[in-house]
Amino acid sequence: MTAAAISPSPGGMSRRAGLNRYQLVTVLLLPILLVNLISFILPSLNLLRMSFNRSVAGGAIEQAFTFENYFDVMTDWFYLELVWNSLYICGIITLVTLVLSYPIALFIHRTSAKWRSALTLLVISPLLVSAVVRTYGWIIILSDQGFINGLLMWAGVTDQPMRLVFNNFGVIVGLVEILMPYMILSLLAGFGRLDPTLEEAAQSLGAKRWKTLFRVTIPLTVPGIALGCLLVFVLSISSFITPKLLGGGRVFLLATEIYDQAMILLNWPVAATLSMLILVIFGIALWFYSRVVKSFE
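Just so you know, these numbers come straight off a predicted model, no measurement behind them. (Residues numbered from 1 in each chain as written. Predicted model: local features only at pLDDT ≥ 70, side-chain atom pairs only at ≥ 80, totals over all residues. Heavy atoms only, no water.)

**Regarding the layout of surface pockets**
So, step 1. What the largest pocket holds in volume is close to 370 Å³.
So, step 2. Looking at the largest pocket, it is lined by 16 residues, and the ones nearest its centre are Tyr-102, Leu-106, Arg-209, Trp-210 and Leu-213.
So, step 3. Mapped onto the lining of the largest pocket, the elements with two or more residues apiece are α4 (77-110), α9 (196-204) and α10 (209-220).
So, step 4. Residue contributions to the lining of the largest pocket peak at seven residues, all from α10.
So, step 5. A class-by-class count of the residues in the lining of the largest pocket yields ten nonpolar, three polar and three charged.
So, step 6. By volume, the second largest pocket amounts to about 290 Å³.
So, step 7. Lining the second largest pocket are Gly-91, Thr-94, Val-222, Ile-225, Ala-226, Cys-229, Leu-230, Phe-233, Ala-285, Phe-288, Tyr-289 and Val-292.
So, step 8. Put simply, the parts of the chain that give the lining of the second largest pocket at least two residues each are α4, α11 (222-237) and α14 (268-295).
So, step 9. Partitioning the lining of the second largest pocket into residue classes produces ten nonpolar, two polar and no charged. (1 Å grid on protein atoms, 1.4 Å probe; cavity = no way out; pocket = protein on both sides within 12 Å on 5 of 7 lines; lining within 4 Å. Points joined across faces, edges and corners; volume = space filled by probe spheres on them. Helix = DSSP H or I, 4+ residues; strand = E, 2+ residues; numbered from the N terminus. Nonpolar A, V, L, I, M, F, W, Y, C, P; charged D, E, K, R; others polar.)

As structure tokens, this is what we get:
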């Protein structure tokens, strides 16, 4: 028997290797697929089915297949204003978080490797504290007898306390502080495309620092900006505890209304409908993110 007959053909080896590789990929992906199926897909399908039911007096749920809940949400001015208010506030939160986080992320990116790790650790350190604790901390700081009002009255800026909490302003301040670490980490991840030689070339050709920033630095970091804005927008529009506490029951957002409908009014079909609406908003945000990233590739 010749050596050629004993040795397997290259095509047969590649086919067996490819089959084993596919099996390995399937085995590696199976746990996360099961987790997503159990923790996300099945609950989402259950909410979708619940949104077609009908709520009756006393908190009971009538099994049905009706579009009444979607029709009510899309035609009731309260829900339309609720959606607009949620998008408006979360858009402001995303923009303010980006403006405050970008210089910090750029500074961390340009520091030496020795300090970059320490500064990154400082950035993520607030995540070690519960959002509930930080929210109560902001209530103390922004209250009528809090630090900010005390400082303003001591400096003579105002004669009486300013309303800084239990309104939109308090919700925006609290969520911006809570979500800044996510924005900074997303920006740092997107700064990998930032080539310092391009900035040096622009400045050597006579571009000022501000012009270099807006014409070279920011366009190169658009993927990181888009990722950070997507993450902050999604987290802010789905936040519940911070708007509930800092809003003081006066700020109505989608997440707080879902809680009220489900736990207070016991209207689970409407709560499920609003949850589906949030998922649609998430899908639109993901589509917009993908379009932005592709346009800058």
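**Some points on unusual backbone geometry**
So, step 1. Even without being a glycine, Phe-166 presents a positive backbone phi close to 60 degrees.
So, step 2. Note that Phe-166 resides in the loop between α7 (147-154) and α8 (168-190).
So, step 3. Of the residues examined, Phe-166 reaches a relative accessible area of 29% and is grouped as partly exposed.
So, step 4. The phi dihedral of Leu-266 falls on the positive side, at around 55 degrees, and the residue is not glycine.
So, step 5. The residue Leu-266 is located in the loop between α13 (254-264) and α14 in this model. (Buried < 20%, exposed > 50% of the residue type's maximum accessible area, 1.4 Å probe, protein only.)

**A few points about the nonpolar core**
Nonpolar side chains in soluble globular proteins generally cluster together in the buried interior.
So, step 1. Ile-93, Tyr-102 and Leu-187 are the most contacted members of the largest nonpolar core, which has 35 residues in total.
So, step 2. Looking at this core, the elements with two or more residues in it are α4, α6 (131-142), α8, α10, α11 and α12 (241-247).
So, step 3. With eleven residues, the top contributor of residues to this core is α8.
So, step 4. Setting aside residues up to four positions removed in sequence, Tyr-102 forms contacts with Leu-187, Phe-191, Leu-213, Thr-217, Ile-218, Thr-221 and Ile-225. (Core = buried A, V, L, I, M, F, W, Y, C linked by side-chain atoms within 4.5 Å. Contact = heavy atoms within 4.5 Å.)

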